[in-house]
Structures are given as C-alpha cells and as structure tokens.
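One-letter residues, chain by chain:
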Amino acid sequence: MEEVVVIVGAGPSGLATFACLKQLNIPSIILEREDCYASLWKKRAYDRLKLHLAKQFCSLPHMPYPPNTPTFVPRVEFIKYIDCYVEKFDINPKYNRSVESSIYDNQAKKWNIEVRNLVTGRVEHFVAKFLVVATGENNKGYIPKITGLEGFGGDILHSSEFKSGKEFVGKKVLVIGCGNSGMEISYDLSNHGASTCIVIRSPFHIVNKEIIWLGMNLLSYLPLWLVDYITLSLARLTYGNLTKYGLHRPAGGPFELKVKLGRSPVIDVGTVERIKQGKIKVCPEITKIEKSNVEFNNGEVQQFDALVFATGYQSTANEWLKDYDFILGKDEMPKNKFPSHWKGTNAVYCTGLSQRGLAGVSFDAQKVADDKIALILKSNKRKN
Ligand SMILES: Cc1cc2nc3c(=O)[nH]c(=O)nc-3n(C[C@H](O)[C@H](O)[C@H](O)COP(=O)(O)OP(=O)(O)OC[C@H]3O[C@@H](n4cnc5c(N)ncnc54)[C@H](O)[C@@H]3O)c2cc1C
Ligand SMILES: NC(=O)C1=CN([C@@H]2O[C@H](COP(=O)(O)OP(=O)(O)OC[C@H]3O[C@@H](n4cnc5c(N)ncnc54)[C@H](OP(=O)(O)O)[C@@H]3O)[C@@H](O)[C@H]2O)C=CC1
Ligand SMILES: O=C(O)C(=O)Cc1c[nH]c2ccccc12
C-alpha cells in the first residue's frame, strides 16, 4: 500500500495532524497499536484527572471547545471533545497496528513501514512519502530498578494503571514520585481512606491551577522571568515555606524549568494541605525492599500493601523508527530546539514531542501540515 502521509499514533497529536492535513486536502492514514484513539486518556489515566491547563490552552486545531465546557476540562469531557473531533474530520485510524520498523529508502525517497497487525499476528507493509511520529512522550511507564523490588509481597503498579483510591481502602500504600501524577494519586488514595506515604527525592515547584492560568496568560505580555517572579511570589504567598514538610523549591522558576527542561510544575489539588495535616506522610528515597518492608535512606523501615510508581514515562519511538537520527536524538527527544523541533530530514516529522502538552501538539500539527503542502506543491510543479 502506498500512501502520501503515514501518521503513527492516534492520540491528540496524530488526530490533530490528520485534521490539519485534511484542511489542506492532503490525504493521510493513521496507524494505531491500540483498539481505539486517545488511548492514553481512555485507558491509561486515573478517574479524577482534569486538564491542568485551562481549555483555551488545550484545544486542537480547527475546533474550539463548546461554550458550556468547564474551564478545567475533566477527563471524560476531554474524551467527548476528541470524539467530536474525530467525527468532524471523519478520522478512521487503522487500529491494532503496531509499527515495528520504519526505514527510509534513499533511492526511492520513500519510507518503508512494517506493521504488526495485532489481531491477525501478520506483518503488513506500508510505503509513504512522508512519515509523522505521533507516538507521544508517555509511551511506556518507567519503573526504576530497586534492590528487592521483584520480591515485594504486595501489589506493584505504575501510575498509568492506577484508576482510583477506592481500590485501596484500608490499605497502606507508598507512592513513589512527586510529579503531577504522584501528588494527585496520593491525594486520591488519602481521600479513599488509604494510609498514604509519598517518596519525594528532588526539589519541585508547587503551584495551583489559578496561578498557572494567570502565568500562562501573562506570558503573552511579559517576559518569562517576570512571569516566573509573579508566579513564584503568588505560590509562596499561597503555600508558605514548605521545607519542614520535605518539599523544596528548585533554583529555576516554574516556567523557566518547563521551557528549558520540560519539567512541569506540580499543580496542587489538595495534597499539600494533607501533607501539612500529617495525613499524607513524606518519605525520602528508597534504598531497598525486603518482602513487604521498604527501607528508606534515613534508615526507617515501613511495611506496605501496595507500591504505586508515579516515576514518569519513556518515549519508545527510537525502537521502531530505525532512522531516528533524521529527527530524534538518542534521548528520544527532537534534535532541533523548539520551535524548529517538528521537522527532520528526509520527510520525517514529529508532533507532540516538545514537552509542551496539548498546546504544543496543536502548534506542531499545524506546522507539519503547512510544511507538507509546500513540499507537495513543489514536487507537483516539478512533475508538470
Ligand atoms: C496522566 C497524564 C495527564 C496529562 N494531562 C495533560 C494536560 O492536562 N494538559 C496537557 O496539555 N497535557 C497533558 N498530558 C500530556 C499528554 O500526554 C499530552 O497532552 C497528549 O496526550 C499527547 O498526545 P500524543 O498524541 O502526543 O500522545 P498520546 O496521547 O500518548 O498518543 C500516542 C498514541 O500513539 C500510539 N502508539 C505508540 N507507539 C506506537 C506504535 N509503535 N505503533 C502504533 N501506535 C503507537 C499509542 O498507543 C497512543 O495511542 C498528560 C499526560 C499524562 C500522562
Ligand atoms: N492533570 C494533568 O494535567 C496531569 C498532567 N500530568 C503530566 O503528565 C506528565 C507526566 O507526569 P508524571 O507521571 O507525574 O511524571 P513526571 O516525569 O513528571 O514525574 C516523575 C516523578 O518521579 C520521580 N522519580 C523518578 N524516579 C524516581 C526514583 N527512583 N525514586 C523516587 N522518585 C523518582 C521524579 O523525581 P526526580 O525529579 O527526582 O527524578 C518525579 O518526581 C507531566 O508532563 C505531567 O505534568 C500528569 C498528571 C496529571
Ligand atoms: O501537563 C503538562 O505537563 C503539560 O505539559 C502542560 C503544560 C504546558 N505548559 C505548561 C506550563 C506549566 C504547567 C503545565 C504546562
């Protein structure tokens, strides 16, 4: 099968790229390994999740949210929005297709794509003039190696498998990692009566969604350092000094760290108050595990029924994109810096790999589509 554009992944990035291309009458197909679109939001996100950024920063190209949508969109409403998006642009991804290899044929100037059909088990081949990597930054849950972890007696899960604290009523649970996932999952566990501890090993910024909303808006008018100053001042006023609870702020500002390192500030949903009340206990880094006992680097040992690893994600694009160095580095990140990151050499593009959430997804999808039309028009002109 020969295609103009093959998009790998039917998350918001793949869907947005398809829609932007369609607006320009450029045909494309999407290959998706799961049996649905937006699989992260449907299968790998916890029940109480709401978008942290206001809806104005989380829409996909060519379709705003309906006016009655809440400012901070709950997961289920976001899925409904994506449902409407898919209907509006009549998007039909090819499901259960796991892309296993993608190699550029320099002679034919085409991408050869090998796909495992997960239903039949067979390998299918696609050829495309353009390839778009839209497989996301949150592909595979990362669980660190810890001595004795494999012998742990209780439940072990990654945050992407966590649905609700109601499954842990009366249990003693340790959450490892204090990003947005870990902090919110701890709160949910505590809400449902689980005895909850959280491992915090590094400094991070605690803010709330109103402060970030203000900061995001101010970024249109003020330099980043000033927005950081205002954001930090408000955060300090709201939370006070949290060091005695084991929460430390890093040296750079919240927006500076997001832009430079892709590290998101933690948007507090009530966890900090629980920590202050002693209802969620902060623990230092784990040194080892023996059966149900977890030892921390302050020498303390505690017994747990379950461990929730909210230790982040890995992108896995380099595993299937054999010619990844046309666009990605060894670290799976785009080689070029924002805002030129979305384009590689040899007709490969990426959307959703700039650590800028859904706003970044929209930016990339539009850029990719606009670039393609230029290329296609150029090649058509040459032919005529
Ligand atoms: C818990 C959580 C909450 C988040 N909340 C927000 C938020 O509020 N606001 C925000 O802006 N961002 C948020 N993000 C970031 C979020 O990941 C992105 O905004 C968005 O989902 C990115 O879309 P994507 O299409 O790039 O990636 P994904 O949504 O991850 O989609 C990638 C798709 O590619 C498919 N795929 C992967 N590998 C292959 C392969 N080899 N072959 C075929 N298909 C493949 C996957 O199955 C998946 O369906 C959140 C992330 C997480 C983990
Ligand atoms: N509602 C929303 O909008 C939500 C958005 N998100 C977004 O999804 C993305 C992923 O977030 P998240 O899942 O929290 O992952 P992150 O990568 O943001 O956080 C991972 C956390 O795990 C810690 N960690 C890693 N390894 C270890 C270890 N061995 N021991 C102790 N701690 C460890 C990290 O600390 P260290 O810095 O020390 O490595 C960090 O605190 C982010 O962009 C986030 O903002 C997530 C949830 C909700
Ligand atoms: O949820 C995330 O981590 C995102 O990537 C969304 C996002 C984009 N820009 C930001 C700035 C501050 C906080 C979150 C985000």
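Worth saying up front: this structure is predicted, and the values here are computed from it rather than measured.

A. View of the sheet that holds strand S16 (residues 306-309). The five strands lie next to each other as S7-S16-S8-S9-S12, forming an open sheet whose pairing is parallel. In the strand order of this sheet, the two ends are held by strand S7 (155-158) and strand S12 (280-283), each with one partner. With strand direction ignored, the average angle separating the axes of adjacent strands in the sheet is 20 degrees. Looking at chain direction, strand S8 (residues 172-176) and S16 are connected through four bridges and run parallel. Across the sheet, valine 175 pairs through a bridge with valine 308, a residue of S16.

B. How the structure looks around the site of ligand 1. The immediate surroundings of ligand 1 are formed by 29 residues, with Ser13, Glu32, Ser39, Asn138 and Leu358 found nearest. Between an oxygen atom of ligand 1 and a side-chain N or O atom of serine 39, the distance comes to 2.8 Å. Asparagine 138 places a polar side-chain atom, nitrogen or oxygen, 2.6 Å from an oxygen atom of ligand 1. Protein chains shield 91% of the accessible area of ligand 1, which is 980 Å² for the free molecule. Going through the elements one at a time, helix H1 (12-23), helix H2 (39-43), strand S3 (97-105) and helix H10 (357-383) are the ones with two or more residues in the shell around ligand 1.

C. Geometry of helix H6 (residues 224-239). Counted at 1.5 Å a residue, the expected span for H6 with its 16 residues is 22 Å, and the 22 Å between its end C-alpha atoms agrees. Those residues of H6 that fall on the buried side of the exposure criterion are Val227, Asp228, Thr231, Leu232, Ala235 and Tyr239. Buried residues of H6, seen end-on, are gathered within an arc of 125 degrees and therefore sit on one face of the element. Across H6 from its buried face, at more than 90 degrees, point the exposed residues Tyr229 and Leu237. If you follow the buried residues of H6, they end up packed against strand S10 (206-207), helix H5 (209-218), helix H7 (254-261) and helix H8 (271-276).

D. Structural context of the site of ligand 3. Around ligand 3 lies a shell formed by Leu53, Phe255, Lys258, Ser264, Pro265, Arg356 and Gly357. Lysine 258 places a polar side-chain atom, nitrogen or oxygen, 2.9 Å from an oxygen atom of ligand 3. For ligand 3, the protein covers 79% of the area, taking 360 Å² as the surface of the free molecule. Split into classes, the residues belonging to the shell around ligand 3 amount to three nonpolar, two polar and two charged.

E. Region of the structure containing helix H3 (residues 75-88). If you check H3, its first and last C-alpha atoms are 20 Å apart, about what 14 residues at 1.5 Å a residue would give, namely 20 Å. Of the positions making up H3, those classed as buried are Arg75, Phe78, Ile79, Tyr81, Ile82, Tyr85 and Val86. The arc that holds the buried residues of H3, viewed along the axis, is 155 degrees, so those residues lie on one side. Opposite the packed face of H3, turned more than 90 degrees from it, sit the exposed residues Glu87 and Lys88. Positive backbone phi, at 50 degrees, marks aspartate 90, one or two positions downstream of H3.

F. Inspection of the packing of aromatic side chains at higher detail. A complete count under the given rule lists 13 aromatic pairs for this structure. Summarising the aromatic geometry, the rings of tyrosine 85 and phenylalanine 89 are spaced 4.8 Å apart at their centres and angled 55 degrees between planes, so their arrangement reads as tilted. We classify tyrosine 85 as buried; its relative accessible area is 0%. For phenylalanine 89, a relative accessible area of 4% translates into the label buried. Here tryptophan 342 and tyrosine 349 contribute two aromatic rings whose centre-to-centre distance is 6.2 Å and whose plane-to-plane angle is 10 degrees, an arrangement assigned as stacked. The burial state of tryptophan 342 is the same as that of tyrosine 349; both residues are buried.

G. Broad picture of the packing of H1 against H3. For the pair H1 and H3, interaxial distance at closest approach is 11 Å and the crossing angle is 30 degrees. Between H1 and H3, the angle is such that the two are roughly parallel. For H1 against H3, the interelement crossing comes out left-handed. Across from Pro12, Leu15, Ala16 and Ala19 in H1, the residues of H3 making contact are Phe78, Ile82, Tyr85 and Val86.

H. Structural context of unusual backbone geometry. Of the consecutive residues phenylalanine 338 and proline 339, the connecting peptide bond is found in the cis state with omega at 10 degrees. Turning to its location among the elements, proline 339 is positioned in the loop between helix H9 (317-320) and strand S18 (348-350). With a phi angle near 50 degrees, aspartate 90 is a residue other than glycine that sits in the positive phi range. You can see aspartate 90 is positioned in the loop between H3 and S3. Taking the relative accessible area as the measure of exposure, aspartate 90 reaches 48% and is therefore partly exposed. Look at glutamate 332: it is not a glycine, yet its phi comes out positive at around 70 degrees.

What counts and what doesn't
- Numbering of residues starts from 1 in each chain and follows the order in which that chain's sequence is written.
- Working convention: letters from A go to chains and numbers from 1 go to ligands, in the order in which they are written.
- Only residues with pLDDT of at least 70 get local features here, since the model is predicted, and only at 80 or more are side-chain atom pairs given and counted; chain-wide, interface and lining totals rely on the full set of residues.
- With hydrogens and water excluded, all non-hydrogen atoms of the structure serve as input to the side-chain values.
- DSSP-based pairing: two strands are paired if at least 2 bridges between them are found.
- Runs of H or I in DSSP of at least four residues are treated as helices and runs of E of at least two as strands, each being numbered from the N terminus.
- Geometry is summarised by axes, namely lines fitted to C-alpha atoms with helices restricted to the contacting stretch, and by angles between N-to-C directions that run from 0 to 180 degrees.
- By convention in this text, a residue qualifies as near a molecule or strand provided that one of its non-hydrogen atoms is within 4 Å of it.
- For this analysis, a polar contact is any N or O atom pair within 3.5 Å, provided that within protein one partner can donate a hydrogen and the other can accept it, and provided that sequence-adjacent residues contribute only side-chain to side-chain pairs.
- Surface exposure here means Shrake-Rupley accessible area, sampled with a 1.4 Å probe, where a residue is shielded only by the protein chains that are shown.
- To estimate the expected span of a helix, subtract one from its residue number and multiply by 1.5 Å.
- The cut-offs for exposure are 20% and 50% of the maximum accessible area for each residue type, with area from a 1.4 Å probe on protein chains only; residues under the lower value are buried, those over the upper are exposed, and the others partly exposed.
- Summarising the geometry, the arc corresponds to the directions from the helix axis toward the C-beta atoms.
- Whether two residues are in contact is decided by their heavy atoms, any of which lying within 4.5 Å being enough.
- Charged residues are taken to be Asp, Glu, Lys and Arg, nonpolar residues to be Ala, Val, Leu, Ile, Met, Phe, Trp, Tyr, Cys and Pro, and polar residues to be all remaining types, Gly included.
- Centre distance within 6.5 Å is the pairing criterion for rings of Phe, Tyr and Trp, where only the six-membered ring of Trp is used; planes under 30 degrees apart are then read as stacked, over 60 as edge-to-face, and the remainder as tilted.
- Comment on the angle field: the value is read as roughly parallel under 35 degrees, roughly antiparallel over 145, roughly perpendicular from 65 to 115, and oblique elsewhere.
- Take the far helix as your reference; a near helix turned counterclockwise from it by less than a right angle gives a left-handed crossing, and one turned clockwise gives a right-handed crossing.

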